[in-house]
Amino acid sequence: MDAIFQLATANLVSPPVLFFILGFGGALVGSQLTLPEAMAKTLSIYLMLAIGFKGGVALAAEGVTLALILALLAGTVLSSLIPVVAFIILKLFSNLPRVDAAAVAAHYGSISIVTFVAATQALEGIGLKPEGYMVAVAAIMETPAIIVALLLARGVRADVKRKSGDAQEGLLKEVLLNSSIVVLMGAFVIGAISGQPGMDAVSGFIVVPFTGILCLFLLDMGAVAGRGMTQGASVLNLRLIVFALIMPFIGACMATPLAWLAGLDAGSAALLLTLAASASYIAVPAALRIALPEARPSVYLTLSLGVTFPMNLTLGIPTYAAMATWAVGG
Amino acid sequence: MDAIFQLATANLVSPPVLFFILGFGGALVGSQLTLPEAMAKTLSIYLMLAIGFKGGVALAAEGVTLALILALLAGTVLSSLIPVVAFIILKLFSNLPRVDAAAVAAHYGSISIVTFVAATQALEGIGLKPEGYMVAVAAIMETPAIIVALLLARGVRADVKRKSGDAQEGLLKEVLLNSSIVVLMGAFVIGAISGQPGMDAVSGFIVVPFTGILCLFLLDMGAVAGRGMTQGASVLNLRLIVFALIMPFIGACMATPLAWLAGLDAGSAALLLTLAASASYIAVPAALRIALPEARPSVYLTLSLGVTFPMNLTLGIPTYAAMATWAVGG
Amino acid sequence: MDAIFQLATANLVSPPVLFFILGFGGALVGSQLTLPEAMAKTLSIYLMLAIGFKGGVALAAEGVTLALILALLAGTVLSSLIPVVAFIILKLFSNLPRVDAAAVAAHYGSISIVTFVAATQALEGIGLKPEGYMVAVAAIMETPAIIVALLLARGVRADVKRKSGDAQEGLLKEVLLNSSIVVLMGAFVIGAISGQPGMDAVSGFIVVPFTGILCLFLLDMGAVAGRGMTQGASVLNLRLIVFALIMPFIGACMATPLAWLAGLDAGSAALLLTLAASASYIAVPAALRIALPEARPSVYLTLSLGVTFPMNLTLGIPTYAAMATWAVGG
Amino acid sequence: MKTFKKKQLTIICELPLASRVVKTLTEAGVTGYTQFDAASGRGSEGEWNRDGLVGTSGRMVMIVTILSLDEADGILAQIYELIEPQMAIATIANVEVLRDDIF
Amino acid sequence: MKTFKKKQLTIICELPLASRVVKTLTEAGVTGYTQFDAASGRGSEGEWNRDGLVGTSGRMVMIVTILSLDEADGILAQIYELIEPQMAIATIANVEVLRDDIF
Amino acid sequence: MKTFKKKQLTIICELPLASRVVKTLTEAGVTGYTQFDAASGRGSEGEWNRDGLVGTSGRMVMIVTILSLDEADGILAQIYELIEPQMAIATIANVEVLRDDIF
Ligand SMILES: Nc1ncnc2c1ncn2[C@@H]1O[C@H](COP(=O)(O)O)[C@@H](O)[C@H]1O
Ligand SMILES: Nc1ncnc2c1ncn2[C@@H]1O[C@H](COP(=O)(O)O)[C@@H](O)[C@H]1O
Ligand SMILES: Nc1ncnc2c1ncn2[C@@H]1O[C@H](COP(=O)(O)O)[C@@H](O)[C@H]1O
Ligand code: NA
Ligand code: NA
Ligand code: NA
């Protein structure tokens, strides 16, 4: 408990989290600290590129291990099961219509790549460097949740056969070829090919300014999250807020035994828990606009972006790190 | 005199100033070297973030001193008095209508944050590192001048009672919550909280590329200033140009005794003089659009952006450094 | 031959080229990895600024030599002759209308500044550091080809006298004052003025992240090239593709004796060959829109951007390096 | 298809004024609006260009709102009062829409 | 000058939907279209603002296409079916052009 | 409110041509204009997209100008001559404004 507390404090006074809080607070008092969209998009590409490349270089050093295969498997299982659990909880304890519940479930089953980046950085800061292949685990966890959640929603949508064939195609494109994932995995492969000499050539861009650029990006993300919470406040009720605060920990608990079974080290285990706990707010919303147009963005975005993301960034990550250390040993 | 001359030469061949001149010259011969707006805005946020953070880290090391309080006081006094002096000079020696004179006075009383950043960089280059808290002084000097200038303009505007309540509210929001100032002060506080460990984490972004990024930004600012001067040339007359060249030195002279009274070191004193001498061209114009729509932008912008800003950047800063060193001792 | 092969392999697994391939491949499978335009434009300004500045600093160390004058002369000759050769080849072996043939010739006579930047980086990587003044050679080679090609097209355009006076003026402005060239040459002069102390001040921005930023930019350029090839595929026929693959080597062959005559070192010679081999796809298209509106962009852009540029980046540069080393000695 | 007649009100104004225009429209009860960034232009105060700018002044935006015929006149009067002293223009045009109820 | 009457169809929709709108227009045989980024706005789902966004959702674009009078009605019906369940609006207006043949 | 009839001329053209269009408009005496960046589109030369581009070619802009009824015809003719050989389209529409004198 004490360890969690120390980790949490260290995390809270780290510059990236403080800049996130600045952006979030700015939005609440009416100062718009967002970056121009062109820049926000570029920074997210930069972060994917950097984290993917670093992961690839690490993989080149580590080699492909059984743990990598097991971790990919664990990620797939989590991304498929978490939506089911989230959906059941929402149907039991909230009054969300089925389609909204399924949409929310998709978000919590999938992952937030920004949370992943921030967690990687925070874990390295406390000496829990995750394995390089966790990048691939993050990538693989994005999609299954969407498919499962669509099946969950399907019950209400038997009427939309014709459209859905078309929609599915667009959906797959939207999800599998979305630039974040392609850059992340592409940079991962490039890092694996070019190895340490490649890293030496680009570390002045990929490593040196990384934490600082993350600060700038989280300032923007904080502003967007704060805006999202302000604008979506009307759709929130106590039950939904409680869901958004508790569900991450349920996801992390589901991930814990899998991390242990897969034989992950503490850093990688902490990342797997974080991925399970995180909720998408970039890739999944775009996919659902096409696949589930009836679901209300104000519900799923406010929960994942306005409540869960800030909670994970501040309190969640240190807790998951502590849980992972406890489960697999420091 | 010799020292000024040496400082001025060193300043003139420093890359940031040379890039400013390139942008300015490009605009005059018809080559548009501006950056896209999204980038210009991001670079200005970066500079605020970096300079604020550095100031905060320095403050954490120095602690809150009496000099900090006195410097804030001096800044407030200068920002309130300079507009009055500028207004009187303009009413006596130019034929500007009262409302334009007040608008120009607001600009010269407030500060140019870009000039502040460039001066900080230049002063560090010649070994006159200012104290960290000067960031807070810059922030506090932005607003009083606007309020004083509105009072000066008020005489002609007794008719606009109803509107002005509404306008004032927008004005305060525009000025106090404008993202530059919030990022500057937010990063200052974050720097103070996270201290040297925070700096170690982000210096690869905040320190390493700083001067180079400043070059890129000043290339853009030079292009914008040159464009402003070209487009506004028709409203200029000799008296106004002389005003724009002399007023900065009057402001610097007003700041000199205050710097001495506040017991500032040479670097901080040079910055206080620079702040007094500088004229706003980003925050104040936006505020005046709402608060004084009758004032002509072509007048106040051409003077502050097209004449005073280039003069300060090239000749002003070294002169103020020399004045400060002379006044408070090197 | 073995050396070429080794160079080519090393080039192909270098991160910049791999990121280019990622962007290109993404476009082919339908994932749009472009950066926002504001960012692409800024990165290109950054690259011009950095490469120009570095060249200028190098020039300040080397001093103005006879080789510089001779290299400028060689560049001018190449940029004037290559279009003629390209035009004749196209008239003989393709069925392009005269105006399209002239337009294509303009592109191959002029240069691709991105190829120039990538080649400089690659050459430094294999220990063939070019002289600083090659930046000026690149700049001077941009324009003559356009003028020559317009003369070649003129035959068909005797009717457009009145318009062309006006068009010429716009053309010259478009070409000589286009921001790439002005920033490149401006930074070159600034680098020469501020020398090593200037470099020390800005190297954290200009040198440290350079290769990494080049990766990001080439990711974008790959995506744009891939898109260009996909969209333009319908205008291509085998003869045109063969032209786009062979013409660069003809240009490089024409440059080889001149590099030897000018007494260039191996690195500079390799760059001269690369410049001769490269085809413009940014500056010349813009100029021709005004000067030769009848020429079809889909033809000249698909060839230069979709075929020649990728070929140069992957196979061309190492080949030219090997040719240059062979011709002037390592 | 059956369409319904509406009015399209288009306002081009400087960015610092935009939030007031939007506030006026919202308080007057419009069902929605869309704002666009303009890139450059020329008006009574001369030329302007968005490139290179850092602050909100010096650049124009366009605000478009689709109105029912009834409300158009009243809203027009309020907008006129607001933008008259400022750098701004407003135009009204006839358009048709597919759903009567949402405008 | 002699001008010809055409219809201008304007669609404001969320970015993830845009490629479908364009696909529908293209399959219906329009001669061209132009798409613009909107900056901010308000509609049935509340306010939105492009600033700070990373993905495609949450921001609107405007798609403009000039149609001949004949084809307008058919295309309208198809577009209506596509955008009806989504965040989107569509308007039609009369315009004139100089060349009859290219629209 | 009392309104006045004007013409809105809208030109969509490639960016390298824009400065000439503006020059033509200015020399013809228009009181102002506003230029917008388009994001993507399709025309006679196929699809285009602004994303990723570095130069001025390959992307379109929209130039809008409000004209008095008298001047519209003459300006139209000049614009037509300029844009005819280029990638560009032009449309004219009826709009109303609140102040007669400034257009
Ligand atoms: N009355 C309106 N006038 C102009 N734009 C509108 C209007 N209503 C909606 N919009 C735009 O269309 C988008 C989608 O609207 P909606 O379908 O109401 O969610 C909104 O976000 C606005 O940008
Ligand atoms: N029918 C149309 N509706 C709207 N925009 C069009 C249309 N046709 C062409 N455009 C736009 O005008 C540009 C030039 O068209 P074009 O002259 O056909 O090459 C295209 O790239 C489109 O952006
Ligand atoms: N006749 C016009 N046609 C189109 N846009 C205009 C016109 N006049 C002014 N504008 C735009 O509206 C802005 C404000 O105009 P003004 O109120 O004349 O200062 C200008 O900067 C232009 O962008
Ligand atoms: Na998750
Ligand atoms: Na001042
Ligand atoms: Na060439």
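For every chain, the first residue of the written sequence is number 1, and numbering continues from 1 onward in sequence order. Note on labels: chains are lettered from A, ligands numbered from 1, in written order. For this predicted model, a pLDDT threshold of at least 70 governs which residues receive local features, and a threshold of 80 or more governs which side-chain atom pairs are given and counted, while totals over whole chains, interfaces and linings are taken from all residues. Neither water nor hydrogens contribute to the side-chain values; these are computed over all heavy atoms in the structure.

1. Focus: the site of ligand 2
Proximity criterion: a residue is near a molecule or strand once any of its heavy atoms comes within 4 Å of it. Contacts to ligand 2 come from 17 residues, most closely from T34(E), I66(E), S44(F), W48(F) and A88(F). The environment of ligand 2 is shared, with nearby residues belonging to chains E and F. Polar contact is defined as a pair of N or O atoms within 3.5 Å, subject to the rule that within protein one atom must be able to donate a hydrogen and the other to accept it, and that residues adjacent in sequence are counted only when both atoms are side-chain atoms. In the environment of ligand 2, an oxygen atom lies 2.8 Å from a nitrogen or oxygen atom belonging to the side chain of T34(E). Residue S44(F) places a side-chain N or O atom 2.7 Å away from an oxygen atom belonging to ligand 2. Only the protein chains shown count as cover for residues, and the accessible areas themselves come from Shrake-Rupley with a 1.4 Å probe. Look at ligand 2: alone it shows 480 Å² of surface, and the protein chains cover 95% of it. Contributing elements (two or more residues each) for the shell around ligand 2: strand 2 (33–37) and strand 5 (60–67) of chain E together with strand 3 (40–43) and strand 6 (88–97) of chain F. Residues are grouped as follows: Ala, Val, Leu, Ile, Met, Phe, Trp, Tyr, Cys and Pro are nonpolar; Asp, Glu, Lys and Arg are charged; every other residue, Gly included, is polar. Residue composition of the shell around ligand 2, grouped by class: 10 nonpolar, 6 polar and 1 charged. Every helix listed is a DSSP run of H or I at least four residues long, and every strand listed is a run of E at least two residues long, numbered separately from the N terminus.

2. Quick look at the side chain of T10(F)
Residues and elements named next belong to chain F. Relative to the elements of secondary structure, T10 occurs in strand 1 (residues 4–14). Remark: exposure states derive from per-residue accessible area (1.4 Å probe, protein chains only) relative to the maximum for the residue type, with buried under 20%, exposed over 50%, and partly exposed in between. Judged by its relative accessible area of 13%, T10 is buried. Of the polar contacts made by the side chain of T10, one reaches the side chain of Q8; its length is 3.4 Å. Residues in contact with T10, not counting those within four places in the same chain, are M62, I63, V64, I89, A90 and T91. Whether two residues are in contact is decided by their heavy atoms, any of which lying within 4.5 Å being enough.

3. Re the coordination of the sodium ion (ligand 6)
The protein atoms that coordinate the sodium ion (ligand 6) are Y108(C) (O), S110(C) (O), L275(C) (O), A276(C) (O) and S278(C) (O), at distances of 2.4 to 2.8 Å. Metal donors: N, O and S atoms at distances within 2.8 Å, or within 3.2 Å for Na, K and Ca, with water omitted from the atom set so that some sites may seem incomplete. Donor residues for the sodium ion (ligand 6) sit on one chain with the sequence pattern Y-x1-S-x164-L-A-x1-S.

4. Some points on the coordination of the sodium ion (ligand 4)
Around a metal, the perfect tetrahedron of four donors has angles of 109.5 degrees, and the perfect octahedron of six donors has angles of 90 or 180 degrees. Residue and element names in this part refer to chain A. Looking at the metal site, the sodium ion (ligand 4) is ligated by Y108 (O), S110 (O), L275 (O), A276 (O) and S278 (O), spaced 2.3 to 2.8 Å from it. When the donor residues of the sodium ion (ligand 4) are listed from N- to C-terminus, their spacing reads Y-x1-S-x164-L-A-x1-S. Note that S110 is positioned in the loop between helix 5 (98–109) and helix 6 (113–125) and S278 in the loop between helix 13 (266–277) and helix 14 (283–291), a separation of 168 residues in sequence. Judged on exposure class, the residue S110 and its partner S278 are both buried.

5. Concerning the environment of P15(B)
Within the secondary structure, P15(B) is located in helix 2 (residues 15–29). The sequence separation of P15(B) and V114(B) amounts to 99 residues, and the corresponding C-alpha distance is 15 Å. With residues near it in sequence (within four places) discarded, P15(B) still touches C215(B), F53(C), I190(C), S194(C), G198(C) and V202(C).

6. Here's the deal with the site of ligand 3
For ligand 3, the set of nearby residues contains 18 residues, the closest of which are S44(D), W48(D), A88(D), T34(F) and I66(F). Residue neighbours of ligand 3 fall on chains D and F, so the site bridges chains. One nitrogen or oxygen atom from the side chain of T31(F) is found 3.2 Å from a nitrogen atom belonging to ligand 3. Between ligand 3 and the protein, one listed contact pairs an oxygen atom with a backbone N or O atom of Y33(F) at 3.4 Å. Looking at the shell around ligand 3, the elements with two or more residues in it are strand 3 (40–43) and strand 6 (88–97) of chain D together with strand 2 (33–37) and strand 5 (60–67) of chain F. Here the element with the most residues in the shell around ligand 3 is strand 5 of chain F; it accounts for 3 residues. Class assignment of the residues belonging to the shell around ligand 3 gives a composition of 10 nonpolar, 6 polar and 2 charged.

7. Considerations on the pattern of salt bridges
Salt bridge criterion: a side-chain nitrogen from Lys or Arg within 4 Å of a carboxyl oxygen from Asp or Glu. For the coordinates displayed, the defined rule picks out 33 salt bridges over all chains. Of the charged contacts, one joins K129(A) and E124(A) as a salt bridge, the two residues approaching to 3.7 Å between their closest N and O atoms. For K129(A), a relative accessible area of 55% puts it in the exposed group. The residue R59(E) makes a salt bridge to D37(E) at a minimum N-O spacing of 2.9 Å. You can see R59(E) sitting in the loop between strand 4 (46–49) and strand 5 and its partner D37(E) sitting in strand 2, a full 22 residues away along the chain. Each member of the pair R59(E) and D37(E) is classed as buried.

8. A short note on the interface of chain F and chain C
Contacts between the two partners involve 22 residues from chain F and, on the opposite side, 31 residues from chain C. What counts as buried area is the accessible surface, traced by a 1.4 Å probe, that two parts surrender upon association, with contributions from both included. Together chain F and chain C conceal approximately 1,900 Å² of surface at their shared face, both sides included; 46% is due to carbon and sulfur atoms. Of all residues in chain F, R20(F), G52(F) and V54(F) give up the largest surface area on contact with chain C, accounting jointly for 30% of the area buried on that side. Between E37(C) and R59(F) there is a salt bridge, with its nearest N and O atoms 2.1 Å apart. Inspection of the region where chain F meets chain C yields 7 residue pairs in polar contact (both at pLDDT 80 or more). Looking at the side of chain F that touches chain C, the elements that each hand over two or more residues are helix 1 (15–27) and strand 4 (46–49) of chain F. If one sorts the elements of the side of chain F that touches chain C by residue count, helix 1 of chain F sits on top with 4 residues.

9. Quick notes on the packing of aromatic side chains
Classification of ring pairs rests on two measures: the distance between centres of Phe, Tyr or Trp rings, Trp counted by its six-membered ring, which must be within 6.5 Å, and the angle between planes, read as stacked under 30 degrees, edge-to-face over 60 and tilted in between. Evaluated as defined, the whole model comprises 24 aromatic pairs over all chains. Each ring, one from Y281(C) and one from F309(C), has its centre 4.7 Å from the other, and the planes form 45°; the classification is tilted. A residue pair is termed long-range when its members are at least 10 positions apart, and Y281(C) in the loop between helix 13 (266–277) and helix 14 (283–291) and F309(C) in helix 15 (residues 297–328) qualify at 28 residues. F309(C) shares its class with Y281(C); the two are buried. Against the face of F210(A) rests K54(A), its NZ or CZ located 3.8 Å from the ring centre. A positively charged side chain is recorded as over a ring if its NZ (Lys) or CZ (Arg) lies within 6 Å of the ring centre. The angle to the ring normal must also be within 35 degrees. Over the ring of F4(E) we find K2(E); its NZ or CZ atom is 4.6 Å from the centre of that ring.

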